[in-house]
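# Survey of secondary and tertiary structure
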Amino acid sequence: QVRLVESGGGLVQAGGSLRLSCAASGSGFSIRRIGWYRQTPPGNQRELVATIYVSGRTDYTDSVKGRLVISRDNGKKTVYLQMNSLKPEDTAVYYCNYPLQVGSWGQGTQVTVSA
């Protein structure tokens, strides 16, 4: 059974940086694209902000291009999100999941950016 566990969030001032991690269990991690989503406020639809493909190609939503970098370590079944030049509008709960086969959501990790 696939399980996703996010970590690394916190409180940071605008302009600061954070590195999020998402550890996956179960099979198939290395052969699936995976992405980072964010949700704000709780209950709203989650927004896909970054995707990394099996090839290593990456895609980003316009609002985070040039500031957020997604990467993956298939040996560790972990996907990362390096967040730089953070803005207050990046405040959200961040989740990872597989865009083509969205499974159960983890608990997410809260990112709060103060002005």
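Now for a quick tour of the structure. A quick note: this is a predicted structure, and the numbers were derived from the prediction, not measured.

Here six strands make up an open sheet; going across it, the order is E2-E10-E9-E4-E5-E6 and the pairing mixed. Two strands bound the open sheet, and with one partner strand each, they are strand E2 (10-13) and strand E6 (58-60). Adjacent strand axes in the sheet meet at a mean angle of 25°, parallel and antiparallel pairs treated alike. Examined bridge by bridge, strand E4 (residues 34-39) and strand E5 (residues 47-52) share five bridges and lie antiparallel to one another. Note on E5: the bridge partner recorded for Ile34 is Ile52.

Further remarks concern the packing of aromatic side chains. Going through the model one piece at a time under the given rule, you end up with two aromatic pairs. Ring centres 5.0 Å apart and planes at 90° place the aromatic pair Tyr37 and Trp105 in the edge-to-face group. A residue pair is termed long-range when its members are at least 10 positions apart, and Tyr37 in strand E4 and Trp105 in the loop between strand E9 (92-97) and strand E10 (109-114) qualify at 68 residues. By relative accessible area, which is 30% here, Trp105 ends up partly exposed. Summarising the aromatic geometry, the rings of Tyr95 and Trp105 are spaced 5.7 Å apart at their centres and angled 75° between planes, so their arrangement reads as edge-to-face.

With that settled, consider the sheet that holds strand E3 (residues 18-25). Here four strands make up an open sheet; going across it, the order is E1-E3-E8-E7 and the pairing antiparallel. Of all the strands in the sheet, the pair left with one neighbour each is strand E1 (3-7) and strand E7 (68-73). Neighbour to neighbour, the strand axes of the sheet diverge by 15° on average, direction disregarded. Bridging between E7 and strand E8 (residues 78-83) involves six bridges; their strand directions are antiparallel. Across the sheet, Ile70 pairs through a bridge with Leu81, a residue of E8.

Overall, the coordinates contain five salt bridges when judged by the stated rule. Glu47 serves as the salt-bridge partner of Arg38, at 3.2 Å between the closest nitrogen and oxygen. For Asp90, the salt bridge is made with Arg67, and the minimal N-O distance between the two is 2.7 Å. On the criterion of sequence distance, the pair formed by Asp90 in the loop between E8 and E9 and Arg67 in the loop between E6 and E7 is long-range, its members being 23 residues apart. On the basis of relative accessible area, Asp90 is assigned to the buried category, the value being 1%.

Here we take up the environment of Ala50. Within the secondary structure, Ala50 is located in strand E5. In contact with Ala50, other than residues within four places in its own chain, are Ile34, Gly35, Trp36, Asp59, Tyr60, Ile70 and Leu81.

Looking at the secondary structure, you find Ala115 in the segment after E10. Separated by 100 residues in the primary sequence, Ala115 and Gly15 have C-alpha atoms spaced 8.9 Å apart. Non-local contacts of Ala115, meaning those with residues more than four positions away in its chain, are made with Ala14 and Pro88.

About the cut-offs
Residues numbered from 1 in each chain as written. Predicted model: local features only at pLDDT ≥ 70, side-chain atom pairs only at ≥ 80, totals over all residues. Heavy atoms only, no water. Pairing = 2+ DSSP bridges. Helix = DSSP H or I, 4+ residues; strand = E, 2+ residues; numbered from the N terminus. Axes fitted to C-alpha atoms, helices over the stretch in contact; angles between N-to-C directions. Phe/Tyr/Trp six-rings, centres within 6.5 Å; stacked < 30°, edge-to-face > 60°. Buried < 20%, exposed > 50% of the residue type's maximum accessible area, 1.4 Å probe, protein only. Salt bridge = Lys/Arg side-chain N within 4 Å of Asp/Glu carboxyl O. Contact = heavy atoms within 4.5 Å.

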